[in-house]
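# Notes for the structure review
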Amino acid sequence: MALNVQKKTKKTSSGKKNKILVVVESPAKAKTIEHYLGTGYTVKASMGHLIDLPKSRMAIDVEHDFQPEYITVRGRAGLLKELQKDAKHSSQILLASDNDREGEAIAWHLNNVLAEKTTAPIERIVFNEITPTAIKESVKHPRAIDEAKVNAQKARRVLDRLVGYNLSPILWKKVKNGLSAGRVQSVALRLICEREKEVENFIPEEYWSLDADFIKGKSKFTAQLVQYKDNKPELKTEQDVNDIIKEIENNDCIISDVKESEKIIRPKAPFTTSKLQQAAANRLNFTSKKTMQIAQQLYEGVQIGSSRVGLITYMRTDSVRISETAINDVRQWIENNFPSELPEKKIEYSVGKAAQDAHEAIRPTFVEYTPDSIKDYLNRDQLKLYTIIWERFVSSQMNNAKSKIVSVDIKAGDALFRSSASKLVQKGFYSVIKLLSSKDETNGYLPSLKKDEKLTSTKFYPEQHFTQGPARYTDASIVKILEEKGIGRPSTYAPIISVLLDRYYVTRSNKQLVPTQLGRTICKILVESFPNVINEQFTSDVENDLDKVEQDELVWNNMIGDFYKPFINQVEKVMETQESLKGFLDEDSKEVCEKCGKPMLKKLGRFGYFLACSGFPECHNTKSIPLAKCPMPNCNGNIVARKNKGRGKEFYGCTNYPKCSFITHFKPIDTSCPKCGWFLVEKYDKKNGAYKSCINPNCDYLHSPGEAVAEEDAGAFAKANEEDKKQQTKA
């Protein structure tokens, strides 16, 4: 709908009115906003930064207050000229890049280059949501560019350039050409590598649990042993469990206690960026990158019928604050749809001390657009993400839920068994959570029981367990720890993970982030050589200093100056003293080149390890590294890693494809199953953590049902073969 915003416009010599030029960052956003503004406005996209530091050199004048040397981004000169031409024929220019540091810097650069070609006033507008009301208000209240915010972006950009462009040459000289290091990414890599050491050093210990079935009349329920001789039971072996069973199996089973309690379950605050990424990873299996890409689409606008609608507010935020207008709207919606679940007063959530609070929490722009009402206009992933955003926001302003919990203790000799059951007695905010299942509403079963009643025990269930070590980081848990430690900001969480994966410093395995040998080597060099830079405290302190620059409490040049001198002195020292590791990552292999007969070397390339002929450059033969022998009958092939060309997802298949179509999505371990002789694979689930399991579907050696040989994707092997060779050649 057109907004009919009243603005003065100039007339050209021909009598035509010049339009107001609005410059945003993306074409999708431009299309939505132009639809809202209607005639009298031209909305164009800058496609992000048009002016930036060159990639080919440092471009920081360290002798003159660290002034950056900006240039027009390669390939953007044509777009810049087009915007200058539009500005020349406009009555006013409104710079509407994102309301954050990067957006402010984009507006600052645009202001400088457009002012050279026009005398029209250039002003800044910002908004938290792309709705007719928000756009109308922003156009009515333009402001000057925030120089302090620009300086904060400049300080961050200069600091990252100084760190990256000084650390990377060390890696080129000492490890391998083409490597790179970053200030924030290197700290995230350190966290992942340190966690991997904990995982490797952990030694699991055996322990056992004991459940028992009890009967009252025709009802049967299960309880767990929680005490033995008034102490927590220590069941380290199967014999320990059997001794207890033998002692108590003929004892009377008496109910010693029955307790009833009520549990209050409070709704959660609306999403911040980090909490959205964590929820999308845990509930939807989305990577952080995918979550932000879809959120960007929902924010910039989706075609709903004949109109484009920005469905959510700005998706880069660390605040749980909600505007009064939005709260009033959602309370009205709740009153219309779930009147019994509307609290008397609005619910307020506290903003964290470290939050910048520049934006509202992530919420739907129009609460009336329920997921069901617009599902036909969204693709599957958009609907999934929009649903959890909508539900989280609406539920945040609803009544608490309540559960009734019944717990019963059963005495059998010196053993005490306990069982509990819960039932949701007041749905509260769960009324709008569509994923709530009957299992969530009722958990466990207990018949009507009274103290001192006698029960019959029918069967004991001893079960072996092993203590779980620390879990590797996932997208969700690394984002959580980055936020807790003050490393990065909402806009950087997803890029941090993407950069580590793209550089092959980290790989994904069963949703876990695992450091590669290359990543561990780089981490070791950087942490040992620059302990004061590649650490959590320094990174957190930098973020705090950038906040001070943005608040005009700290001069950005002084911030950089305090850091630079000791840093560059250490760089020069490390460049001279660090032992070269070039070639050290190459390993001998048992393989022989089938083309020339020379030994094959295990080499680390851009895409991981591969085998290359030691006769290079005379012989260019390369191939994938065998991970395990193919277990299929009458096949002498090896299992190697491949990547699906379309999705980039790693899988493992036989080198004798297409004669042998064996494929698995679990990473093989070069260890034979002690039961059947097939190979073991790495698996992970929330119940058991990381463990090893036989790939043979007919073998029960730590086997999880339904996770056997997967042949349905055999076609992916053919697509991946050629791509794999190309990647190894590039490496």
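## Some remarks on the overall build of the protein chain
Assigned secondary structure in the protein chain consists of 19 helices and 30 strands. Contacts spanning at least 24 positions in sequence make up 66% of the contacts within the protein chain whose residues lie at least 6 apart. Surface summary for the protein chain: the accessible area is close to 37200 Å², and the carbon and sulfur share equals 47%.

## Remarks on the sheet that holds strand β26 (residues 650–654)
Taken together, the four strands give an open sheet; going across it, the order is β24-β25-β26-β27, and neighbouring strands pair in antiparallel fashion. Looking along the sheet, the strands with just one partner apiece sit at the ends: β24 (628–629) and β27 (663–664). Of the pairings in the sheet, the one linking β24 to strand β25 (residues 638–643) comprises two bridges and is antiparallel in character. By the bridge assignment, Lys629 is partnered in β25 with Asn638.

## Looking at the packing of aromatic side chains
Following the criterion strictly, the structure yields twelve aromatic pairs and no others. Note on Trp333 and Trp390: the rings are 5.1 Å apart at their centroids and 85 degrees apart in plane angle, and the pair reads as edge-to-face. Here the residue Trp333 occupies a position in helix α10 (residues 324–337), and Trp390 occupies one in helix α12 (residues 380–395), the gap between them amounting to 57 residues. A relative accessible area of 11% means that Trp333 is categorised as buried. Exposure remark for Trp390: the relative accessible area of 5% places this residue in the buried category. Through a chain of ring-to-ring contacts, the aromatic side chains of Phe530, Phe538, Phe563 and Phe567 assemble into a single cluster. The ring of Tyr165 carries the charged tip of Arg161 above its face, separated from the ring centre by 4.1 Å. The lysine or arginine in question, Arg195, covers the ring of Tyr473, its NZ or CZ lying 4.3 Å from the ring centre.

## What about the packing of helix α9 (residues 288–300) against α12?
The interhelical angle for the contact between α9 and α12, taken along N-to-C directions, is 85 degrees, at an axis separation of 10 Å. Considered as vectors, α9 and α12 are oriented roughly perpendicular to each other. For the pair α9 and α12, contact is made by Lys290, Thr291, Ile294, Ala295, Gln297 and Leu298 and by Asp381, Gln382, Leu385 and Tyr386, respectively. Its residues assigned to classes, the contact of α9 with α12 comprises five nonpolar, three polar and two charged.

## Some words on unusual backbone geometry
Following Phe616, the chain continues to Pro617 via a peptide bond in cis, the omega torsion being 15 degrees. With respect to the element layout, Pro617 can be found in the loop between β22 (608–613) and β23 (622–623). In this chain, Tyr657 is followed by Pro658 through a cis amide linkage whose omega measures 10 degrees. Among the secondary structure elements, Pro658 is positioned in the loop between β26 and β27. The phi dihedral of Phe66 is positive, around 60 degrees, even though this residue is not glycine. Relative to the elements of secondary structure, Phe66 occurs in the loop between β4 (60–61) and β5 (67–68). Accessibility expressed as a relative area gives 9% for Phe66, which makes it buried.

## Some details on the sheet that holds strand β1 (residues 20–24)
Within a beta sheet, neighbouring strands are joined by backbone hydrogen bonds and run either parallel or antiparallel to one another. Ordered by their spatial adjacency, four strands build an open sheet running β2-β1-β7-β8, and the pairing between neighbours is parallel. The open sheet has two edge strands, β2 (41–45) and β8 (122–124), and neither has a second partner. Here the strands of the sheet are splayed against their neighbours by 25 degrees on average, with no regard to which way each runs. Here β1 runs beside strand β7 (residues 92–95); their pairing, made up of four bridges, is parallel. The partner of Leu21 across the bridge, within β7, is Ile93.

## Regarding helix α6 (residues 183–201)
Between its first and last C-alpha, α6 extends 28 Å over 19 residues, near the 27 Å set by a 1.5 Å rise per residue. Listing the buried residues of α6 in full gives Arg183, Val184, Gln185, Ser186, Val187, Ala188, Leu189, Leu191, Ile192, Cys193, Glu196 and Val199.

## Quick word on the environment of Lys88
Following the sequence through the fold, Lys88 ends up in helix α2 (residues 77–88). Its relative accessible area of 56% is what places Lys88 among the exposed residues. Taking the C-alpha atoms as reference, Lys88 lies 9.3 Å from Glu116; in sequence the two are 28 residues apart. Leave out the neighbours within four places in its chain, and Lys88 touches Lys117 and Thr118.

## Digging into the pairing of strand β15 (residues 415–426)
Pairing of strand β10 (residues 219–228) with β15 involves four bridges; the strand directions are antiparallel. Counted as the bridge partner of Leu225 is Phe417 from β15. Of the pairings in the sheet, the one linking strand β14 (residues 401–412) to β15 comprises eleven bridges and is antiparallel in character. Within β15, the residue paired with Ile410 across the bridge is Phe417. Linking two consecutive strands that pair antiparallel, namely β14 and β15, is a turn of two residues; a positive phi of about 65 degrees is found at Gly413 within it. Examined bridge by bridge, β15 and strand β16 (residues 442–443) share two bridges and lie antiparallel to one another. Along β16, the bridge assignment pairs Lys423 with Thr442.

## Some thoughts on the nonpolar core
What tends to happen in soluble globular proteins is that the nonpolar side chains get buried as a cluster. Grouped together as the largest cluster of nonpolar side chains are 62 residues, with contacts concentrated most on Phe127, Leu298, Leu311, Ile312, Leu385 and Val394. The dominant element in this core, judged by the number of residues it contributes, is α12, at seven residues. If sequence neighbours within four positions are ignored, Leu311 has contacts with Leu298, Val302, Arg363, Pro364, Thr365, Tyr369, Ile374, Leu378 and Tyr386. Among the nonpolar cores identified, the runner-up in size contains 61 residues, and Ile478, Val542, Val549 and Val571 belong to it.

## Topic: the side chain of Glu360
As for its position among the elements, Glu360 is in the loop between α10 and α11 (371–374). Within the local environment of Glu360, its side chain forms a polar contact with the backbone nitrogen of Ser323, the two atoms lying 2.9 Å apart. Separated by 2.8 Å, the side chains of Glu360 and Arg363 make a polar contact. Sequence-distant contacts of Glu360, defined by excluding residues within four places in its chain, comprise Asn128, Thr317, Ser319, Arg321, Ile322, Ser323 and Ala326.

## A word on the pairing of β26
With four of five residues buried, β26 is to be regarded as a mostly interior element. As paired elements, β25 and β26 share five bridges and run antiparallel to each other. From the neighbouring strand, Lys643 faces β26, where its bridge partner is Glu650. Relative to β27, β26 runs antiparallel, the two being bridged by two bridges.

## Quick notes on helix α7 (residues 238–248)
Of all the positions in α7, only Val241, Ile244, Ile245 and Ile248 are classed as buried. Mapping the buried residues of α7 onto a view down its axis gives an arc of 100 degrees, with all of them on the same face. Where α7 is buried, its residues touch β9 (206–216), β10, β14, β15 and β17 (454–466).

## Focus: the environment of Val527
Tracing the chain through its elements places Val527 in helix α16 (residues 517–529). Relative accessible area serves as the criterion here: at 18%, Val527 is assigned to the buried category. Along the chain, Val527 and Ser186 lie 341 residues apart, while their C-alpha atoms are 8.8 Å from each other. Not counting chain neighbours up to four residues away, the residues in contact with Val527 comprise Arg190 and Ile534.

Reading guide: rules and limits
Residues numbered from 1 in each chain as written. Predicted model: local features only at pLDDT ≥ 70, side-chain atom pairs only at ≥ 80, totals over all residues. Heavy atoms only, no water. Helix = DSSP H or I, 4+ residues; strand = E, 2+ residues; numbered from the N terminus. Contact = heavy atoms within 4.5 Å. Areas by Shrake-Rupley, 256 points an atom, 1.4 Å probe, with all protein chains shown as cover. Pairing = 2+ DSSP bridges. Phe/Tyr/Trp six-rings, centres within 6.5 Å; stacked < 30°, edge-to-face > 60°. Buried < 20%, exposed > 50% of the residue type's maximum accessible area, 1.4 Å probe, protein only. Lys NZ or Arg CZ within 6 Å of the ring centre and 35° of its normal. Axes fitted to C-alpha atoms, helices over the stretch in contact; angles between N-to-C directions. Parallel < 35°, antiparallel > 145°, perpendicular 65-115°, else oblique. Nonpolar A, V, L, I, M, F, W, Y, C, P; charged D, E, K, R; others polar. Expected span 1.5 Å × (residues − 1). Core = buried A, V, L, I, M, F, W, Y, C linked by side-chain atoms within 4.5 Å. Polar contact = N/O pair within 3.5 Å; in protein donor to acceptor, adjacent residues only side chain to side chain. Arc of directions from axis to C-beta.

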